[in-house]
Amino acid sequence: MKGITRLQVGEQVDQYLLIKEAKKGVTTVGKPFMSLILQDRSGDIEAKLWDTNEEHEQTYRAQVIVRVGGEIHDYRGKNQLRIKQIRVARPDENIQISDLLPTSSIPKEQLYEELTQFFFEIKNPHISRITRHLIKKHQESLMIYPAASKNHHDYASGLLDHVVSMLRLSKAICELYPTLNKDLMYAGIILHDIGKVIELTGPVGTAYTVEGNLLGHITIMVNEIGQAAKELNIEGEEVMLLQHLVLSHHGKEEWGSPKKPMIQEAEILHYIDNIDAKMNMLTRALDKTNPGEFTERLFPLDNRSFYKPLI
């Protein structure tokens, strides 16, 4: 059976899906409806459930598996699922949440093994000890967490996938520009998003925690680095530089960075982060697009559609 994101406009749907998000709304004429984000291993799709009531809101909530019948249609340049039938999956149908979770194409164990190889490249003992300490502390969550609730690497083990992909990119860039400090580059990449294991709830029905809403992953990680340095009795510029790499990785204040990059490694970290996030979104969108056609509109990429060449 085709994944939900690989179906084309006009194709029929009759399959099990996991409710990722469920929100209630009201039409312009005052009729209640629900907006659902439904997912399987291929990704997610938006759907509308019309003429809803309180019972629907109780039944169709996040993390519930449903059997859905309907059709794919185009809504403002984006595929949407028009629901014709929907019901909660029965226990005897033996469908597990794990069967419907998008996940990294590379096994998480393989990704983690690749990440640990970069520890041997970090020569500065203070940077090495802080980085190893924090990865060991959050290893279990790092193995399974997404990098975001939507848009890029928003699947199980997506955070680990993102970090390893960035490390590969940084290795090539460090060879091209030898003035870059590899210790800072690799440690900054490994640590920059680890705060997301506290900011987000996990790979199922990913949402923001209280700490995530009130502090955000950048502030969380800056505090974690400071705490690790205290626990390891480490003092020195390295601690401040690692904190700056995390603080500035979004690049601009309007993109959520408390500080703009002020060391060359921070500047490059921001570009690598941006490249990998955008390439992940583009790769996934183009993967479900036929040659000679355009992708759906990608909101984080200025709401543009991208053409998939025939060549």
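Just so it is clear, the model here is predicted, and its values are computed rather than measured.

Parameters at a glance
Residues numbered from 1 in each chain as written. Predicted model: local features only at pLDDT ≥ 70, side-chain atom pairs only at ≥ 80, totals over all residues. Heavy atoms only, no water. Helix = DSSP H or I, 4+ residues; strand = E, 2+ residues; numbered from the N terminus. Rg over C-alpha atoms; globule rule 2.2 N^0.38 Å. Buried < 20%, exposed > 50% of the residue type's maximum accessible area, 1.4 Å probe, protein only. Contact = heavy atoms within 4.5 Å. Core = buried A, V, L, I, M, F, W, Y, C linked by side-chain atoms within 4.5 Å. UniProt positions renumbered as here; feature names shortened; annotations may be inferred. Expected span 1.5 Å × (residues − 1). Axes fitted to C-alpha atoms, helices over the stretch in contact; angles between N-to-C directions. Parallel < 35°, antiparallel > 145°, perpendicular 65-115°, else oblique. Left-handed = near helix turned anticlockwise from the far one by under 90°. Nonpolar A, V, L, I, M, F, W, Y, C, P; charged D, E, K, R; others polar. Pairing = 2+ DSSP bridges. Domains from an automatic or database assignment. Buried area = accessible area lost by both parts, 1.4 Å probe. Salt bridge = Lys/Arg side-chain N within 4 Å of Asp/Glu carboxyl O. Polar contact = N/O pair within 3.5 Å; in protein donor to acceptor, adjacent residues only side chain to side chain.

## Some remarks on the overall build of the protein
- Check the secondary structure of the protein and you find 11 helices and five strands.
- Taking 2.2 N^0.38 as the reference for a compact globule, 311 residues should give roughly 19 Å; the C-alpha atoms of the protein span a radius of gyration of 21 Å, in line with that estimate.
- Across its three principal axes, the protein shows a C-alpha extent of roughly 60 × 45 × 40 Å.
- Counting only residues that meet the buried cut, the protein has 49% of its 311 residues in that class.
- Sequence separation of at least 24 residues holds for 57% of the intrachain contacts in the protein that already meet a minimum separation of 6.

## Structural notes on the nonpolar core
- Counting residues in each nonpolar core, the largest one holds 49 residues, and the members touching the most others are Ile-130 and Ile-225.
- Looking at this core, the elements that each hand over two or more residues are α2 (108–117), α3 (125–137), α5 (158–176), α6 (182–192), α9 (216–231), α10 (237–247) and α11 (264–287).
- Top contributing element to this core by residue count: α5, with eight residues.
- Setting aside residues no more than four positions away along its own chain, Ile-130 makes contact with Ile-225, Ala-228, Ala-229, Leu-232, Ile-234, Val-239 and Leu-242.
- Within the second largest apolar cluster, 19 residues are counted, among which are Leu-7, Leu-36, Leu-49 and Val-64.

## A look at the UniProt feature "domain: HD" (unreviewed entry) in the protein
- Per the UniProt annotation, the sites labelled "domain: HD" (unreviewed entry) are residues 162–278.
- Secondary structure over residues 162–278 splits into 66% helix and 0% strand, and the C-alpha atoms at its two ends are 11 Å apart.

## A short note on α5
- Taking 1.5 Å as the rise per residue, α5 with 19 residues should run 27 Å; its terminal C-alpha atoms sit 27 Å apart, in good agreement.
- All of the buried residues along α5 are Gly-158, Leu-159, Leu-160, Asp-161, His-162, Val-163, Val-164, Met-166, Leu-167, Ser-170, Ile-173 and Cys-174.

## Some points on the packing of α9 against α10
- Relative to each other, α9 and α10 sit at 170°, their axes nearing to 9 Å. Classified by the angle between their axes, α9 and α10 sit roughly antiparallel to one another. Note that α9 runs across α10; the crossing there is right-handed. Residues Ile-218, Met-221, Val-222, Ile-225, Gly-226 and Ala-229 of α9 form the contact with α10, whose participating residues are Val-239, Leu-242, Gln-243, Val-246 and Leu-247.
- Class assignment for the residues of the contact of α9 with α10 results in nine nonpolar, two polar and no charged.

## What to know about the packing of α2 against α5
- Running from amino to carboxyl end, α2 crosses α5 at an angle of 40°, the nearest separation of the two axes being 10 Å. Considering the angle they form, α2 stands oblique to α5. When the axes of α2 and α5 are compared, the crossing they make is left-handed. Contacts between α2 and α5 involve Lys-108, Leu-111, Tyr-112, Glu-114 and Leu-115 from the former and Leu-160, Asp-161, Val-163, Val-164, Leu-167 and Arg-168 from the latter.
- A class-by-class count of the residues in the contact of α2 with α5 yields seven nonpolar, no polar and four charged.

## Some remarks on the sheet that holds strand β3 (residues 43–50)
- Spatial ordering of the closed barrel is given by β1-β2-β3-β5-β4, a layout of five strands whose pairing is mixed. Strand-to-strand, the axes of this sheet are offset by a mean angle of 50°, without reference to chain direction.

## A look at the environment of Leu-100
- Within the fold, Leu-100 resides in the loop between β5 (78–88) and α2.
- Sequence separation between Leu-100 and Gln-227 is 127 residues, and the spatial gap between their C-alpha atoms is 37 Å.
- Among residues more than four places away in sequence, those in contact with Leu-100 are Tyr-16, Leu-17, Leu-18, Gln-39, Asp-40, Arg-41, Ile-65 and Ile-95.

## Some points on the domain arrangement of the protein
- Per the domain assignment, the segments making up the protein are domain 1 (4–99) and domain 2 (108–284).
- Taking only C-alpha atoms into account, the centre of domain 1 sits 34 Å from that of domain 2.
- At the junction of the two partners, domain 1 supplies four residues and domain 2 supplies four residues.
- Buried surface at the junction of domain 1 and domain 2, summed over both partners, amounts to about 460 Å²; 48% is from carbon and sulfur atoms.
- The tally of links between domain 1 and domain 2 comes to one salt bridge.
- Between Lys-20 and Asp-154 there is a salt bridge; the shortest N-O distance is 3.7 Å.
- There are one residue pair in polar contact (both at pLDDT 80 or more) connecting domain 1 and domain 2.
- The class makeup of the residues in the side of domain 1 that touches domain 2 is one nonpolar, one polar and two charged.

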